[in-house]
Amino acid sequence: MKTILTPILLSSLLLWLTGCKEPTIDEGIQSFSVPTSVDADGGNWRTIVLKSATDITVPQPLPITSDAYKTELTAIKNGLLASTPEQNTAVNYWAVGGVVRWNQIARQLVAKYNVPPGYDYATGQVSPADAANPYAGAPYAARIYALLSVAQYDALVVAWRAKYQYNRPSLERQGVVARVPILDVPSYPSEDAAIAEASCQMLAYLFPNEVNWLKAKATEHKQSQLWAGASVPSDIKAGEDIAIALASKLVERARNDRFAASTDPGNTWQTALAKAPYNQKWKSLEIPERPPLLPLAGNVKTWYDSTAIFRALPAAPPATTSAEFQKALSDVRTLSDSRTREQWRIASYWENGPNTYLLSGLWNFLAEDLIRQGGQNELRTARTYALLNRAMQDATTATWRAQYTYFVPRPAQLDPAIKTATTMLNTPSYVADRATVSTAAATVLAHLFPDEATRLNAQAAEASLSGLYSGTQYQFDNEAGATWGTLIGQLAVTGAKADGAK
Amino acid sequence: MLNGNGYFCTTSADFMRLLTCFTVAFLFTLARQTYAQGLAPGILDGFMKGQRKASLAILASQETYDTYYINTAETKNPNLGTVTTQALTVVGTYGLGYDLDLIISAPYIRTQASAGYFPKQEGLQDVSGTLRWEAFDYKLGKTRLSWLFAAGYSMPMQEYVSDAMVRLGYGSKNLDGRTMLHYKAGPFFITGQYGYIRRGQVTLDHVVNNYDPSQLNPNSGMKVNVIDVTELIIRTGIVTKRVSIDVWGQQQTPKTEGTNIGPGIPFPTNGVGFTRVGTTAWLKLFGKVGITATTSTTLSGRNTGKATRVNGGLVLGL
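Residues numbered from 1 in each chain as written. Chains lettered and ligands numbered in written order. Predicted model: local features only at pLDDT ≥ 70, side-chain atom pairs only at ≥ 80, totals over all residues.

## Describing the overall build of chain B
For step 1, the next point in the chain: Helix and strand counts for chain B come out as one helix and 17 strands.
For step 2, the next point in the chain: Looking at chain B as a whole, 45% of its 318 residues qualify as buried.
For step 3, the next point in the chain: Across chain B, contacts joining residues at least 24 apart in sequence account for 64% of those joining residues at least 6 apart. (Helix = DSSP H or I, 4+ residues; strand = E, 2+ residues; numbered from the N terminus. Buried ≥ 20, exposed ≤ 12 C-beta atoms within 10 Å, placed from the backbone. Contact = placed C-beta atoms within 7 Å.)

Given below as structure tokens:
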């Protein structure tokens, strides 16, 4: 048995193994869900930035009996017979859902650009923020998701109105066998083209470094509709034009939402800190210390009633000298000293800290499953995201308002023995954004997906507690945040009940 | 048997195939030691135990670093300070046959940082089991050359925290295959070994939420791939019945690029490598009782600490 052969074989085996590739983790094969409703009345739903769907005029399409249309349709039919594997990949990718895919793209870009200034070992200094992208943190992310979702939603309401106004029959009704399931709505204008162009324009404004990449994605998205047999070029063109008309209005809103000033170039936060109505002042726990993250993000224009939101600004927490505060602080310390693995898991799950797509991104991710299970069409998906993301941006703005009103120190500032399971954020403690944002998100989603309400509320409760498990928040941060988040979520629900969607 | 299930690597080689191959390797041969954080390579050697002979080693080690590598650039972090890792490792070796050893090890680890807010981590790390097979033994005059193979498996003994700067280990289940050439002339010996450590996937505590250009899309859930490494170890020294002393160099190279240490980046996906050198001594005290000591330092690295380590222990022949 002990021949030279076996060792040689084993050596070759080893060499072969070292030449193999690492496994790739991808999303696997996605199933295409067929939407349960076409929402034929969608053109009457209340728009967000547009006054109404009639703000954008969609020209009358050529009749399907025209020669021009017949030529287009024939080209699509012939194209279906000659599709390439690359085309099929693109078709399958976008068939998962245009709104969902662009939301994923936005999450990826947020994670890429959500880079706070860091400590630079070479110079011993805090490295300056990238001039092209000076923003990072929760307010930055939440705003991107909200603007994207609003752009998609308004574009789709206009598209839906035109679809049922002109009623150009879908290609399937004209005998085209599409490669993937297509929603049975009139084909003109193409909803996918509207989504692609609206998303691309909005994200290009928000991520100027990515314009070319975004344009390539949008082009692929639009062409995938031709390759799939879902639209003809004139459908695509009309969808695109809606988005182009809409984009300028959205960019205008984005320019005037006061976010640009949130970095506080004049360092007014120091004055605010000195005047803060709380007995102990927050200080940066980083070494070296650095200015807080987006200190003026609490002034960003809200989507929902700002009076109602800021009237609910919670009162200052108990003073650090009070027994109540000392109890809250010792609770954090006790937790930090005896944190269980499960508490660590919860803290880590909800953290979504620097260089990630952030907590609002996680809720967008979680909403994806609900949307798929709910069989929502593109318009309804956009509505879900627009409701969710506006509520989350307002909740984030509210959090920042409270943090930079009171400047409450983080627990570890008062008890340096407290260790944290997640990154120590360079923001004041009160209120906890994980609580405010998650509670607002769960309130909105529970209204839209009532069957899931119990689970969603449990998730929000866990997210609210997670800051305590992290060792970065007092329980009163979490409680005040959750109360405020519920209120903001309710404002969104009230809006949802009145927007015309059933 | 060997040519059944695809012996040619394709670009889409999947884990199951690898598992099959490793199982085959396991059946055919077997040998050596999975490199665990708590172990210096002081116990991975080319010396066979001998049939029905056993030994038990209890090793204590301390490793510290205040400088670490982000990719290959050295850095220090005032929010981390110095990281100190202490380990207590039990290693049992048993000669199943004159040419086949079983080696089992289990470390208990405590690690903490001197600054910042990273919590101390403490607990059992990875248990590993390795079979070492002396496949070929050739006498050249008074000297001997042997060719050995080893296959090992290691897995976490508990679900410890693996996604943190201060952590116990990778959290992955690993397969380890390696081959060794061992030459001994009188008291002098030299051993060269080359190994491949296949690290399984790790489920993070959270959904993958960072940007990674190689990420096909952001919907891959909570699982991440841990980068495999290849390992090269050369050691040489003298060994007698009472004493041994040697020097060694160890180089681990990540198989693929992986990610680099950074905020938001899951630690298990980092491409980790290093070059370390060290020296190990063993001294027989009396009867079957010996003591061993190792010291080592890191010359270069990638996404790991620039660590120095001392390690000492008791070796009992059974």
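## A closer look at helix 11 (residues 323-337) of chain A
Residue and element names in this part refer to chain A.
For step 1, the next point in the chain: Its 15 residues give helix 11 an end-to-end C-alpha distance of 21 Å, which sits within 8% of 21 Å, the value for a rise of 1.5 Å per residue.
For step 2, the next point in the chain: Taken residue by residue, helix 11 has Ala328, Val332, Leu335 and Ser336 as its buried positions. One face of helix 11 carries all of its buried residues, which in axial projection span an arc of 105°. The exposed residues of helix 11 that point more than 90 degrees off its buried face are Ala323, Ser330, Thr334 and Asp337.
For step 3, the next point in the chain: At its buried positions, helix 11 is contacted by helix 15 (411-414), helix 17 (453-470) and helix 18 (475-497). (Expected span 1.5 Å × (residues − 1). Arc of directions from axis to C-beta.)

## Here's the deal with the nonpolar core
The nonpolar side chains of a soluble globular protein tend to be buried, and buried together.
For step 1, the next point in the chain: Ranked by size, the top nonpolar core spans 146 residues in total, and within it Ala155(A) and Ile488(A) carry the most contacts.
For step 2, the next point in the chain: Tallying contributions element by element places helix 5 (residues 138-166) of chain A first for this core, with 19 residues.
For step 3, the next point in the chain: In this structure Ile488(A) touches Tyr304(A), Ile309(A), Ala391(A), Asp394(A), Ala395(A), Ala398(A) and Ala440(A), once residues within four positions along its chain are discounted.
For step 4, the next point in the chain: Ranked by size, the runner-up nonpolar core spans 24 residues in total, among them Trp147(B), Phe149(B), Ala150(B) and Met180(B). (Core = buried A, V, L, I, M, F, W, Y, C linked by C-beta atoms within 7 Å.)

## A few points about the environment of Leu88(B)
Residue and element names in this part refer to chain B.
For step 1, the next point in the chain: Turning to its location among the elements, Leu88 is positioned in strand 4 (residues 83-97).
For step 2, the next point in the chain: Classification of Leu88 as partly exposed rests on a count of 15 C-beta atoms within 10 Å.
For step 3, the next point in the chain: Taking the C-alpha atoms as reference points, Leu88 and Ser61, separated by 27 residues in sequence, lie 6.5 Å from one another.
For step 4, the next point in the chain: Sequence-distant contacts of Leu88, defined by excluding residues within four places in its chain, comprise Ala60, Pro107 and Tyr108.

## Some thoughts on the interface of chain B and chain A
For step 1, the next point in the chain: Taken together, the contact pairs 53 residues of chain B with 50 residues of chain A.
For step 2, the next point in the chain: Mapped onto the side of chain B that touches chain A, the elements with two or more residues apiece are helix 1 (15-28), strand 7 (126-140), strand 8 (143-156), strand 9 (174-185) and strand 12 (223-224) of chain B.
For step 3, the next point in the chain: The element contributing the most residues to the side of chain B that touches chain A is helix 1 of chain B, with five residues.

## Examining the packing of helix 6 (residues 191-206) of chain A against helix 8 (residues 233-255) of chain A
All names here are of chain A.
For step 1, the next point in the chain: Axis separation between helix 6 and helix 8 bottoms out at 7 Å; the angle between their running directions is 30°. Here helix 8 runs roughly parallel to helix 6, going by the angle between their axes. As helix 6 packs across helix 8, the resulting crossing turns out to be right-handed. Mapping the contact onto sequence places Glu191, Asp192, Ala193, Ala194, Glu197, Ala198, Gln201, Met202 and Tyr205 in helix 6 and Ile236, Gly239, Glu240, Ile242, Ala243, Ile244, Leu246, Ala247, Leu250, Val251 and Ala254 in helix 8. (Axes fitted to C-alpha atoms, helices over the stretch in contact; angles between N-to-C directions. Parallel < 35°, antiparallel > 145°, perpendicular 65-115°, else oblique. Left-handed = near helix turned anticlockwise from the far one by under 90°.)

## Concerning unusual backbone geometry
All names here are of chain A.
For step 1, the next point in the chain: Between Tyr188 and the following residue, Pro189, the backbone shows a cis peptide bond with an omega angle of -10°.
For step 2, the next point in the chain: If you trace the backbone, Pro189 turns up in the loop between helix 5 and helix 6.
For step 3, the next point in the chain: The step from Tyr430 to Val431 runs through a cis peptide bond, and the omega angle for that step is 5°.
For step 4, the next point in the chain: Relative to the helices and strands, Val431 resides in the loop between helix 15 and helix 16 (433-448).
For step 5, the next point in the chain: Positioned with a positive phi, Asn267 is a non-glycine residue whose angle comes to about 55°.
For step 6, the next point in the chain: With respect to the secondary-structure elements, Asn267 resides in the loop between helix 8 and helix 9 (269-275).
For step 7, the next point in the chain: Residue classification places Asn267 among the exposed positions, given that 11 C-beta atoms sit within 10 Å.
For step 8, the next point in the chain: The backbone of Asn355 sits at a positive phi, close to 65°, despite the residue not being glycine.

## As for the confidence of the model for chain B
All names here are of chain B.
For step 1, the next point in the chain: Across chain B, the average pLDDT comes to 84, with 83% of residues at or above 70.
For step 2, the next point in the chain: In the model of chain B, helix 1 stands out as the element of lowest mean pLDDT, 38, in contrast to strand 6 (residues 121-124), which has the highest, 96.
For step 3, the next point in the chain: Confidence drops under pLDDT 50 across residues 1-43; counting only partners more than four residues distant or on other chains, this segment forms 108 contacts. (pLDDT = per-residue confidence, 0-100.)

## Some words on the packing of helix 5 of chain A against helix 6 of chain A
All names here are of chain A.
For step 1, the next point in the chain: Interaxial distance between helix 5 and helix 6 falls to 9 Å at its minimum, and their mutual angle equals 150°. By the angle between their directions, the pair helix 5 and helix 6 is classed as roughly antiparallel. By crossing handedness, the relation of helix 5 to helix 6 is classed as right-handed. The residues of helix 6 that touch helix 5, namely those facing Ile144, Leu147, Leu148, Ala151, Gln152, Ala155, Leu156 and Ala159, are Glu191, Ala194, Ile195, Ala198, Ser199, Met202, Leu203 and Leu206.

## Some thoughts on the pairing of strand 8 of chain B
All names here are of chain B.
For step 1, the next point in the chain: Note: strand 7 against strand 8, 14 bridges, orientation antiparallel. From the neighbouring strand, Val127 faces strand 8, where its bridge partner is Met155.
For step 2, the next point in the chain: Hairpin connection of strand 7 to strand 8: two residues between the antiparallel strands, including Gly141 at a positive phi of 65°. (Pairing = 2+ DSSP bridges.)

## Details of the pairing of strand 10 (residues 188-199) of chain B
All names here are of chain B.
For step 1, the next point in the chain: Where strand 9 and strand 10 come together, twelve bridges link them in antiparallel fashion. Residue pairing in the sheet places Met180 in a bridge with Gln193 of strand 10.
For step 2, the next point in the chain: Sheet analysis places strand 10 next to strand 13 (residues 229-239), joined by ten bridges and oriented antiparallel. Looking at strand 13, one finds that Gly195 is bridged to Glu231.

## Some details on the environment of Val150(A)
All names here are of chain A.
For step 1, the next point in the chain: With respect to the helices, strands and loops of the structure, Val150 is situated in helix 5.
For step 2, the next point in the chain: Its 27 C-beta neighbours within 10 Å are what place Val150 among the buried residues.
For step 3, the next point in the chain: For the pair Val150 and Ala243, spaced 93 residues apart in sequence, the C-alpha separation works out to 12 Å.
For step 4, the next point in the chain: Those residues in contact with Val150 that lie beyond four places of it in its chain are Ile48, Val49, Leu250, Ala386 and Arg390.

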